[in-house]
Structures are given as C-alpha cells and as structure tokens.
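Read off the chains here:
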Amino acid sequence: MFVRDVRRCGRIGVGAFPIRRPYHSHFIGLTTTLVSTPPPPPSLSLTSSRRFPLFLLSPSSSSTAAMTTMTCSSPSSSSNKDPPIAKKEKYEMEMFGDLRVDNYYWLRDDSRSNAQMLSYLQDENAYTEFVMSGTKHLEDLIYAEIRGRIKEEDISAPVRRGPYYYYERTLEGKEYVQHCRRLVSNNEAPPSVFDVMPTGPDAPPEHVILDENLKASGHAYYSIGAFKVSPNNKLVAYAEDTKGDEIYSAYVIDAETKTPLEKPLAGVTSNLEWAGDGALLYITMDATLRPDKVWLHYLGTEKSDDLCLYHEMDDMFSIELEASESKEFLFVASESKVTRFVFFFDISKPAKGLMPLTPRLDGIDTSVSHRGNYFFIIRRSDECFNSELLACPLDNISATTVLLPHRERVVAVGGDHSPVLVVAVGRGLSGLGFRFSVWAGCPISVKIQEVQLFTDHLVVYEREMGLPRITVFDLPPVGEPLERFQGGRHVDFIDPVYSLDPSESQFSSSILRFSYGSLRTPCSVYDYDMNTGISVLKKIETVLGGFDALNYVTERQWATAPDGTQIPISIVYQKNLVKLDGSDPLLLYGYGSYEYCLDPSFKGSRLSLLDRGFIYAIAHIRGGGEMGRQWYENGKLSKKNNTFTDFIACAEYLIEKKYCTKEKLCIEGRSAGGLLIGAVLNMRPDLFKSAIAGVPFVDVLTTMLDPTIPLTTSEWEEWGDPRKEELYFYMKSYSPVDNVKPQKYPAILVTAGLHDPRVMYSEPAKFVAKLRAMKTDDNLLLFKCEQGAGHFSKSGR
C-alpha cells in the first residue's frame, strides 16, 4: 500500500488522479543582491520553463560585503510600458443576502477559446517578458549554472522484476527518459542487497522498451502517467497525456518489439493495473473529471465491449485502483475526504468481478493489501484518528484482529513551553544518531501512514513528531495465525529533518528499498536487508559542480502560533555565507492542505539560492499531515484560518530570531499553497518583500459554489460547502480574490497553466486583474500563463 496521506489531494501536485509521489514545481527564488566575494548574481525564479521573473531585494546597509544592485524594469520605468489592464464587466452573485461583484468573471472560458480572454493572457505574458528583458543574460547564466549541476547522461536505480532489471535512462541534451531493461545474469540466485546490474560488453544487452523523446516529438507537452509491465514481462501498458489536462490515452505494446497490440484506450486516467497477462483494469472520469468508473478490458477486444465493474454515483467520491504487493489481488477504493471503502478483485477469478471488503461507513477510512491467507487493513476513524492496523482472513473478512493499535502519548517533563531534548541514538545510514526538541505537554502521535508487505516481513511507514520513520516486523509463516505485533526494528537516519519514501521492492525477497533525502542530502536509494539490518546505497542523485553536503546546515525550529501550538520549521543554509544576524535573504515555502506532508527534500536547483547566501525554510503548518491526523483536522473547514496564522507566525519567528528581516523575506506556495500565499498577502502584506503564487487556488468561494468545476464536489469536505451559510461567510473571510483591498502589496509573481484541470487559469488571472486595479503601491506584479501546459508547467526535464 502506498501514499495514504496524499491520495485525496486535489489542488496540489497530486490528487484526483492517484500517483506515487506529489510533485511541486518550485520556483527556486525571488531575489538577492550582487556580492563581490563570492560573486552571486541575483537569483532567478525558475520552473521547467527557462524564463521566469526575477524580483530583487535591496542590499542591507550593514552588509560587510561590497554590494551592488541590479534592477528590473517596472511599470514606472523610463520605458513607460504599462501593465495590461483587464476590462471590467460587472457580474453579480448573491447568496444569504450577501452581494458579491466580480468584474473579471468574463475571464473564465471552459473551452479556452475566447479571443478576448486569450488576448489578455498573451498581453500579460508579453508584459512579463518585457519587464524581464533586462535580465536575459542573468537568466541564461543561472540556467546554465543549474543545468551544469545535472548529470544528464544517467540511469535510475535498477529494479528487479523476475528475470529482468528495469530502469530509466536519461540522455545528454534530451528532455525525456527512456524506459529500459536488461536480463538478470543469474536469475536463480536469491536477491541480495549487494546485487549490481552488470554493464559492459559481457553483460546482457540493454533493451529500450519506450523512448519518451521519440513519443514527445511534435507535442508541446508530453507526460507518461503510468508504465506497467505485465506479470509475464512480455507486455507493457502505458498512459500518455499530450496536452497537460491529465486526460490520458492508454496503450499496450509488446515489450520486445514495441509493436502496439491494439487501439489505445482513450479518455482514461493514468490509474490502470494488469489483471493477469491478458486483461487490464482502468478508470474513466465524468464530465467534471471525477474518476467515477472502473472497467475490465480484455486485450484484443473493443473498448465498447469492456465491462464496467463499478460506477460511483455520489459526486463526493472518486475511484482509485491499486495492486497488492503479492500481485494476486487488485483493490478498488471509493473515497471522499473522510470516508474510504474498498472492493477486491481476485485476478485468478475474474468472473467474480469486484467483491466488497470494507464497508461504506461515514468517517471510516480503510486501505487494504494482501499476503498469504490474510488481508491487511489500515483503518482510520474518529476514535483511531492516526489509524490502526488490522488483519482478516480471506475467507472471513469480518473476523478482524488488531495488529498495531492506535497510539498517542504525551511528553510529561519540563515546563509548559520549554523545549525538552529528545535524543534518539542508533546506527543510522552513516552510523550516526540525531536529536530533536519537543515541548512538554505536547501529544506525540504515532501515525500509521502506509504499510508494505513481503512474504516474511511487514514494513510500516509511520510518523512521529513530524518525522517519517520505518519499522520492520517479522511475520509468521504463511498459513499460521497473526497476532498483535510487539517491538519491531527501526531504520535510523542522520539528518534532523528529512524525507522518506517507499520504493518498489520484490514481494518474495527480504530486501526493502526506500528513498531518503534531506535539504542537504541528494535523493538516495537504499536496499535494506530486513534479516541482517544491512543497508546498501544503490543510487544517489549526482550533483555536479563541486557540491559538498558538509557546507550546508539543516535545522529544525519551532514557532508559536497565536493559540500556543508549536509549528515546526525546516531550515537549510550555506554555513560559509549566512551570518544569521538578520541581514540574510530568506525564502519561506508553505502548503498546509489535504493532509499532505511537505517533508524536506533535496533540490539541486535550490543551490542557486543557497550559494548566494539565501536561507531556505519550510513552514510545516496545520492543514498538512506532518504532525498526525489532528494537525490536518485543525487546518481545514472552519479551522482553515490556522493555516494562514501559522505561516505568519513562522515568518515572525524567523524575523525575531534574526534569520532575516521583513525587507529580506520572500514567500512561495503552489496550488492550495498558492491560496496560502494569497491569504497571507491580504492579511499581512507588510511582512514580506516579495511573493510567488504558483497556479494558486485563490477564487475559493466562487469555485466551491460551482459543482461543474473539476474537484469541487469532492472537496466540500476539505474546504466546506458554501451553500451552508456559516461556511459561506467563513470561506469568504479568507478567499484571496474576495479580500483584495486598497493597500500596499509586496512584489508578486503569479503563474497559471491554460489547460490546468485542478486550478482553472481564470482564478490567478482574476486575482492579478483585481490586484492591478486596487493595490496602492508601485511594486512589481507579474503574471505568467503557460499556454501549452496544465497544473505542472511545461513537460520535460
């Protein structure tokens, strides 16, 4: 079972369509000063697109380094080019006696074909390009710098599936990956953590199954959302999106010859699984892009003959599909934000169709996998809000046994708000321990996030005090009864803050594969022998250009929210450049929605900030899932305001502790994190120098009142249903578009994707138009709308 926290995410990098890992296209920065030694030019706002705006901070007069500044063109510059002004067309909306006037409602065009709308977006792009024209050389310089850190010719850590190693290859100068495989030289030998895929002239030859570079030719956008190899390794099913709207076509090809076996399945999600070697299960969507039907398709038959196994009629629910680690069952789940129930599909008995496994009970969330003669169930309820782990026999699914109970405890030492040092010492991946501080009286929740099953082992991914961890349990032989687990072995890590993700592992082996990283540690793939405790590094992301992790410091700090809640902050900086006296520029990132855990991970592009003296920080605010289920519950619905005040508290803490000043503080968030940025800009525009709102969900009230917009109905349990008066006025109180007012705002960059199905381009467009009309300052306001992309900007590397 994978990714329990983020599967519901909608206005984020993942969501209505399940994927393994949430994606955030971070802009790596906003600004800085030119310093003579070392010589850092102003940093650049970057995505996968090459050209994005640059905002600047004035140098501190107290700086010890010789500095010069570099300025961008602005609306008041001598060039005298004015920003676009969107026309106003009065559109009235009344509810509960409250009249709202939206002068920019006309910007919404679901067909994306309105000439006036497209002209306005093109004018905004042209204005942004004009303002940035003076920084072209600098942008090229930093683009080359970032690209220079990337090892372009590379392969991923090979994954063993039966007689083959599968991996992805990247090529110098190419945007997309090749999907490859090689035969295992000695397939009879049991897998070992010391196994290495042979290469060279004597090794089995490499076979390229699919070259995305060839497939992407002729497309402005190209993305593979699924790449699934059949159980017998002879076929491959893959799903491709050539527009960015996340509506896929699924293809089946011969793995050796690359020959298509049949016509593609058009208009599907990327969520598909093999049901044996000759059939697929896949999911389609309704008119609002809600995954609502699961289908059984036999190879060689027409799509019109496919059997609909389940149709979810409730528009609050969406369908999800996944395979058990044993590959004996497929699981179809129907889920809302608070409820999830599961069916199972026995691959060996397809005629039986879907069979109910966990009941549809309001407020009960279940996820299922399989090993031997038992189903394993993660179950969350109001009483067990951080989940418990159950098991039930295949032939008696009502006879459940609790294997791991719900856990929560309270630190009972120290003063009310004095930090208590908790030292966890053990042999980590580099033989060291780590330590962190908590507060007395603070409940320490152990949240079961997901489990991974093997023939002889159970791996539990948990969270405690905001940090992920791995616990390994031995299982009794298949066929013997399961009892409550005791103990378990932990895998320890060395960084004070880090990210941890499961990777594909062989069910029949004793080898667990996972990915580890931190703000200073590049993504590292490990194989861990669950019998011996030996860890072997299989692959670490190569960072060229003389990168040395020891030059960077990672920290964990805690800010105090207005209600006394302690909010964790992850921080990284270059120890040889940062002075920590308030003169350093700082970029603060936040998200805080959908129970998504924004764990600190490595980004090579971020070095272009850190190596210019920037501090980078992540505010782990409520609404996310970092500190357990209650952390999420206390940042949604009628408690959503905690998300915004938590972020403001983190900003104020960083200023108080002299990490930066208001004049050196930049903020960033994407999607629902863009809502965060819009809200705090309206609440405390004086607190920040500049801001980036990426594909921001800023027109909350209008969107959530319209059930025809994708994701709306399924998210009433996240944001609230504004057809209820109390929630209507609460949502209106923070919705960024509804709260723009005549006041000074910092420099702002807003981005959008024309084909974005998660946050319609019209939301950020309206936000920018209203800001232009009402703000009272001359600070830069730039808007960039990608014409050939969706929620994730342009495709490719």
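Model, not experiment: these values are computed from the prediction.

Enquirer: Describe the pattern of salt bridges, with residues and values.
Expert: Within the structure shown, the criterion is met by 47 salt bridges. We note a salt bridge from Arg 340 to Glu 335, for which the minimum N-O separation is 2.7 Å. The same class applies to Arg 340 and to Glu 335, which are both buried. Taking the shortest distance from any N to any O, the salt bridge between Asp 563 and Arg 622 comes out at 2.9 Å. Highlighted residues: Asp 563 in the loop between β36 (552-560) and β37 (566-574) and Arg 622 in the loop between β39 (615-619) and α5 (629-633), separated in sequence by 59 residues. Judged by relative accessible area, which is 48%, Asp 563 ranks as partly exposed. The network of salt bridges with shared partners includes Arg 407, Glu 462, Glu 464 and Arg 469.

Enquirer: Before we move on, could you go through the packing of aromatic side chains and cite the residues and values that matter?
Expert: Tallied over the entire structure, the rule returns 29 aromatic pairs. Pairing Phe 96 with Phe 729 gives two aromatic rings, centres 6.5 Å apart and planes at 45°, and the pair type is tilted. One end of the pair, Phe 96, is in the loop between β3 (92-95) and β4 (98-101); the other, Phe 729, is in helix α10 (residues 725-734), and 633 residues separate them in sequence. Taken together, a centroid distance of 5.2 Å and an interplanar angle of 20° make the contact between Phe 473 and Phe 485 stacked. With a gap of 12 residues between them, Phe 473 in strand β30 (residues 467-474) and Phe 485 in the loop between β30 and β31 (489-491) connect regions that are remote in the sequence. Just as Phe 473 is buried, Phe 485 falls in that class too.

Enquirer: Got a sec to walk through the packing of helix α1 (residues 115-131) against helix α11 (residues 762-774)? Specific residues and values, please.
Expert: A packed helix pair is summarised by two numbers, namely the angle formed by the two axes and the spacing between the axes. At a minimum axis distance of 12 Å, the contact between α1 and α11 shows a crossing angle of 65°. Classified by the angle between their axes, α1 and α11 sit roughly perpendicular to one another. The handedness of the crossing between α1 and α11 is left-handed. Together, Tyr 120, Leu 121, Glu 124 and Tyr 127 of α1 and Ala 765, Val 768, Ala 769 and Arg 772 of α11 make up the contact between the two elements.

Enquirer: Before we move on, could you go through the packing of helix α6 (residues 641-656) against helix α7 (residues 672-683) and cite the residues and values that matter?
Expert: Close contact between α6 and α7 brings their axes to 10 Å; oriented N to C, the two are set at 70°. Of the possible angle classes, the one that applies to α6 and α7 is roughly perpendicular. Crossing angle aside, the handedness with which α6 passes α7 is right-handed. The segment α6 lies against α7, with Asn 641, Thr 643, Phe 644, Thr 645, Phe 647 and Ile 648 engaging Leu 675, Leu 676, Ile 677, Ala 679, Val 680 and Met 683.

Enquirer: Describe the sheet that holds strand β33 (residues 511-517), with residues and values.
Expert: Reading across the sheet, the four strands line up as β32-β33-β34-β35 and stay open at both edges, with antiparallel pairing between neighbours. Every interior strand has two partners, whereas the edge strands, β32 (499-502) and β35 (535-540), have only one. Strand-to-strand twist of the sheet, defined as the mean angle between neighbouring strand axes without regard to direction, takes the value 30°. Direction of pairing for β33 relative to strand β34 (residues 524-529): antiparallel, over a ladder of six bridges. What sits directly across from Phe 514, in β34, is Tyr 526.

Enquirer: Explain the pairing of β34 residue by residue, including any values.
Expert: Extensive coverage of β34 is indicated by the burial of six of its six residues. Hairpin connection from β33 to β34: six residues lie between these consecutive antiparallel strands. Pairing geometry for β34 and β35, over five bridges, is antiparallel. Within β35, the residue paired with Asp 527 across the bridge is Val 536.

Enquirer: Could you give an account of α6, with specific residues and numbers?
Expert: Over its 16 residues, α6 extends 22 Å from the first C-alpha to the last, a length consistent with the 22 Å expected when each residue adds 1.5 Å. Burial of α6 is extensive: 12 of the 16 residues sit out of reach of the surface. Three or more residues of α6 are buried, namely Asn 642, Thr 643, Phe 644, Thr 645, Asp 646, Phe 647, Ile 648, Ala 649, Cys 650, Ala 651, Tyr 653 and Leu 654. Two residues or fewer past α6, Lys 658 is found with a positive phi of approximately 65°.

Enquirer: Any details on the nonpolar core? Residues and values, ideally.
Expert: Here is a general trend for soluble globular proteins: nonpolar side chains tend to be buried in one another's company. Counting residues in each nonpolar core, the largest one holds 129 residues, and the members touching the most others are Leu 281, Ile 470, Phe 514, Leu 588, Phe 647 and Leu 654. Formed by 17 residues, the second largest nonpolar core is a distinct cluster that contains Phe 376, Leu 404, Leu 453 and Leu 475.

Enquirer: Lay out unusual backbone geometry in plain terms, naming residues and giving numbers.
Expert: Backbone geometry places Phe 96, a non-glycine residue, at a positive phi of 55°. In the Ramachandran plot, Lys 258 falls in the positive-phi region, its phi being about 70° despite a non-glycine side chain. You can see Lys 258 is positioned in the loop between β12 (248-254) and β13 (265-274). Owing to a relative accessible area of 42%, Lys 258 belongs among the partly exposed residues under this scheme.

Enquirer: Please set out the side chain of Gln 566 residue by residue, giving values where relevant.
Expert: Looking at the element boundaries, Gln 566 is found in strand β37. At 3.2 Å, the side chain of Gln 566 and the side chain of Thr 560 are in polar contact. Reaching out from Gln 566, the side chain makes a polar contact with the backbone oxygen of Gly 564 at a distance of 3.4 Å.

Enquirer: Before we move on, can you summarise the pairing of strand β23 (residues 388-393) with the specific residues and values?
Expert: Within β23, six of the six residues are buried, which leaves the element mostly enclosed by the surrounding structure. Side chains Glu 388, Leu 390 and Cys 392 of β23 all project onto a buried face; the interleaved residues Leu 389, Ala 391 and Pro 393 project onto the opposite face, where all are buried too. Judged from the six bridges that link them, strand β22 (residues 374-380) and β23 form a sheet pairing that is antiparallel. Looking at β23, one finds that Ile 377 is bridged to Leu 390. In the sheet, β23 pairs with strand β24 (residues 401-404) via three bridges, with the strands oriented antiparallel.

Enquirer: Go over the sheet that holds strand β16 (residues 307-311), please, and point to the residues and values.
Expert: Taken in spatial order, the seven strands line up as β10-β11-β12-β13-β14-β15-β16 in an open sheet, and their pairing is antiparallel. With partners counted over all chains shown, the strands left at the sheet margins are β10 (223-229) and β16, one partner each. Pairs of neighbouring strands in the sheet enclose a mean axial angle of 35°, with direction left out of account. Sheet analysis places β10 next to strand β11 (residues 235-241), joined by six bridges and oriented antiparallel. Its bridge partner being in β11, Lys 228 is matched across the sheet by Ala 237.

Enquirer: Give a detailed account of the environment of Leu 482, specifying residues and quantitative values.
Expert: Assignment of secondary structure puts Leu 482 in the loop between β30 and β31. By relative accessible area, Leu 482 is classed as buried at 7%.

Enquirer: Break down the confidence of the model for the chain for me, with residues and values.
Expert: Per-residue pLDDT for the chain averages 86, and the proportion of residues at 70 or more is 84%. Across residues 1-9 the pLDDT falls below 50, and counting only partners more than four positions away or on other chains, this stretch makes 51 contacts in the model.

Enquirer: I'd like a rundown of the side chain of Asp 154, residues and numbers included.
Expert: Considering the arrangement of structural elements, one finds Asp 154 in strand β5 (residues 154-155). Judged by its relative accessible area of 15%, Asp 154 is buried. A polar contact is formed between the side chain of Asp 154 and the side chain of Lys 539, at a distance of 2.6 Å. Residues in contact with Asp 154, not counting those within four places in the same chain, are Glu 168, Arg 169, Thr 170, Lys 539 and Thr 542.

Enquirer: Which residues make up the environment of Gly 267, and what are the values?
Expert: With respect to the element layout, Gly 267 can be found in strand β13. Gly 267 gets classed as partly exposed once you look at its relative accessible area, which sits at 36%. Separated by 16 residues in the primary sequence, Gly 267 and Ile 283 have C-alpha atoms spaced 9.3 Å apart.

Thresholds applied
- Residues numbered from 1 in each chain as written.
- Predicted model: local features only at pLDDT ≥ 70, side-chain atom pairs only at ≥ 80, totals over all residues.
- Heavy atoms only, no water.
- Salt bridge = Lys/Arg side-chain N within 4 Å of Asp/Glu carboxyl O.
- Buried < 20%, exposed > 50% of the residue type's maximum accessible area, 1.4 Å probe, protein only.
- Helix = DSSP H or I, 4+ residues; strand = E, 2+ residues; numbered from the N terminus.
- Phe/Tyr/Trp six-rings, centres within 6.5 Å; stacked < 30°, edge-to-face > 60°.
- Axes fitted to C-alpha atoms, helices over the stretch in contact; angles between N-to-C directions.
- Parallel < 35°, antiparallel > 145°, perpendicular 65-115°, else oblique.
- Left-handed = near helix turned anticlockwise from the far one by under 90°.
- Contact = heavy atoms within 4.5 Å.
- Pairing = 2+ DSSP bridges.
- Expected span 1.5 Å × (residues − 1).
- Core = buried A, V, L, I, M, F, W, Y, C linked by side-chain atoms within 4.5 Å.
- Polar contact = N/O pair within 3.5 Å; in protein donor to acceptor, adjacent residues only side chain to side chain.
- pLDDT = per-residue confidence, 0-100.

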